[in-house]
There are 2 protein chains.
Amino acid sequence: MVRQPSINAQHRAPLSTERIIEAALRIVDGQGLGRLTMRRLGDSLEVEAMAIYHHLPRGKEQLLDGLVAHVASAPADDAPSRRWQDVLRGWAADYRGRLMAHAGVLPLVVTRRNPAALTATVASLREVMRRGGVAEDAAAVAAHALLSYVIGHTALEVRGTGEDGADRAVDWDARFQAGLDLLLTGVR
Amino acid sequence: MVRQPSINAQHRAPLSTERIIEAALRIVDGQGLGRLTMRRLGDSLEVEAMAIYHHLPRGKEQLLDGLVAHVASAPADDAPSRRWQDVLRGWAADYRGRLMAHAGVLPLVVTRRNPAALTATVASLREVMRRGGVAEDAAAVAAHALLSYVIGHTALEVRGTGEDGADRAVDWDARFQAGLDLLLTGVR
DNA sequence: ACCTGAACACCGTTCAAGT
DNA sequence: ACCTGAACACCGTTCAAGT
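Thresholds, definitions, all that
Residues numbered from 1 in each chain as written. Chains lettered and ligands numbered in written order. Predicted model: local features only at pLDDT ≥ 70, side-chain atom pairs only at ≥ 80, totals over all residues. Heavy atoms only, no water. Near = heavy atom within 4 Å. Helix = DSSP H or I, 4+ residues; strand = E, 2+ residues; numbered from the N terminus. Nonpolar A, V, L, I, M, F, W, Y, C, P; charged D, E, K, R; others polar. Least-squares fit on C-alpha atoms with pLDDT ≥ 70 in both. Contact = heavy atoms within 4.5 Å. Core = buried A, V, L, I, M, F, W, Y, C linked by side-chain atoms within 4.5 Å. Buried < 20%, exposed > 50% of the residue type's maximum accessible area, 1.4 Å probe, protein only. Domains from an automatic or database assignment. Buried area = accessible area lost by both parts, 1.4 Å probe. Salt bridge = Lys/Arg side-chain N within 4 Å of Asp/Glu carboxyl O. Polar contact = N/O pair within 3.5 Å; in protein donor to acceptor, adjacent residues only side chain to side chain.

A. Molecular detail of the protein's contact with DNA strand C. Taken together, 16 residues lie near DNA strand C, and E48 and H55 of chain A together with R39, Y53 and K60 of chain B sit nearest. Here the atoms of DNA strand C within 4 Å of the protein split so that 56% fall in sugar or phosphate, with bases taking the remainder. Within the residue set of the surface near DNA strand C, elements represented by two or more residues are α3 (52–55) of chain A together with α2 (38–44) and α4 (59–72) of chain B. Counting residues per element, the surface near DNA strand C draws most heavily on α2 of chain B, at 3 residues. Among the residues making up the surface near DNA strand C, the classes are represented as 8 nonpolar, 4 polar and 4 charged.

B. Examining the relation of the copies chain B and chain A more closely. If you rotate chain B by 180° and push it 0.0 Å along the axis, it lands on chain A with an RMSD of 0.0 Å. The superposition of one copy onto the other is thereby described by a two-fold rotation axis. When the interface residues of chain B are mapped onto chain A, 100% of them again fall at the interface, so both copies present the same face.

C. Examining the nonpolar core more closely. The biggest cluster of nonpolar side chains holds 122 residues, and the ones touching the most others in it are L67 and Y95 of chain A together with L41, L67 and Y95 of chain B. When near neighbours in sequence (up to four residues on either side) are disregarded, Y95 of chain B contacts A72, A74, L118, T121, L147, V150 and I151 of chain B.

D. Focus on the domain arrangement of chain A. All names here are of chain A. Parsing chain A into structural domains produces domain 1 (7–57) and domain 2 (70–187). The C-alpha-based centres of domain 1 and domain 2 are spaced at 31 Å. Counting residues at the interface gives 5 residues for domain 1 and 8 residues for domain 2. Across the domain 1 to domain 2 interface the summed buried area is about 510 Å²; carbon plus sulfur atoms make up 76%. When the area that domain 1 buries against domain 2 is broken down by residue, the three leading residues are L25, D29 and L33, summing to 70%. Along the contact surface separating domain 1 from domain 2 lie 0 salt bridges. Counting the contacts that link domain 1 with domain 2 gives 1 residue pair in polar contact (both at pLDDT 80 or more). Here the side of domain 1 that touches domain 2 is composed, by residue class, of 4 nonpolar, no polar and 1 charged.

Written as structure tokens, this is what we have:
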């Protein structure tokens, strides 16, 4: 008889860092960070948990770093035709949406020691302002303040921190925009 | 023979929620959030881990909520003699110091569903501005933006996200102040 | 090279029992 | 009322082994 490859291994996309991160993100988004487990992650990839270590030798640490990199690294794309204020407003809206869509990784974004992702993002903001004619120092300050604001706002929004008294609900979209304007109008 | 109380139980301060939270904070500050364990916490209180459940029936969830409440609930104290801008500047400096001193709980502050602590804080900021003559809506927006900025900034600072290029180090104090001014000068 | 299976040292939490 | 001890179901990770 001709040898048959095992059914399990057949036509199964081979494991890759990319696929692992995506599966992990799916678990975090769907069930929360607390349920992201090496064993559960293995299950969802139809593989034993230990197979993951072949692709991520540093284990769960590396997995979490990968999630941060995947979510938090989103530089502004500078279109020369638009005013820098509008470019930053567009970026801020996108970034907020991104963080809200993956709220489970927010605690990781906030404390993982993974400079690369956020540093690239903050650098892109600074560059947008520089090209728009903002002075070096002011651009550096505003870039940091802007990213800080967006991250902090998302943290408050995701927790629903904001009843004005007890009954009046918060219009998060409006509040986000208003706070953003507060910041941007100060920049020269 | 007269009965002797057991040596272990003698002259030992009885367990209390307060003492448990403080011990937990000591572990988080000294060793990091990842090393906060019910068993280790028990050890540091010279008690079996399971004794903690008598005071915190909801277990570790309740413990983490307690840490957030302890660290994140720090309203501004309004001194009528000072300008509201200076009151907020003082509060911001304190709050930043507080979060930096307990950086390990930052991920909890950012995502735990515990409105009370942050809501009280944001309400106090709004009140300071209201009494300073800022309009209702503007005060609500600015209060949220201010807390968002301070939390976000601390998150970036604690991670050291900010090399301007590769070599130039960031003066976090100066940057924090400058970003704060950016925000406050926009408020009327 | 890539994955598995068994094993180890640890978790959070329950439950019955002690005082 | 307050704490203990044993137990349970789960973790992350190692290591030798399979193909």
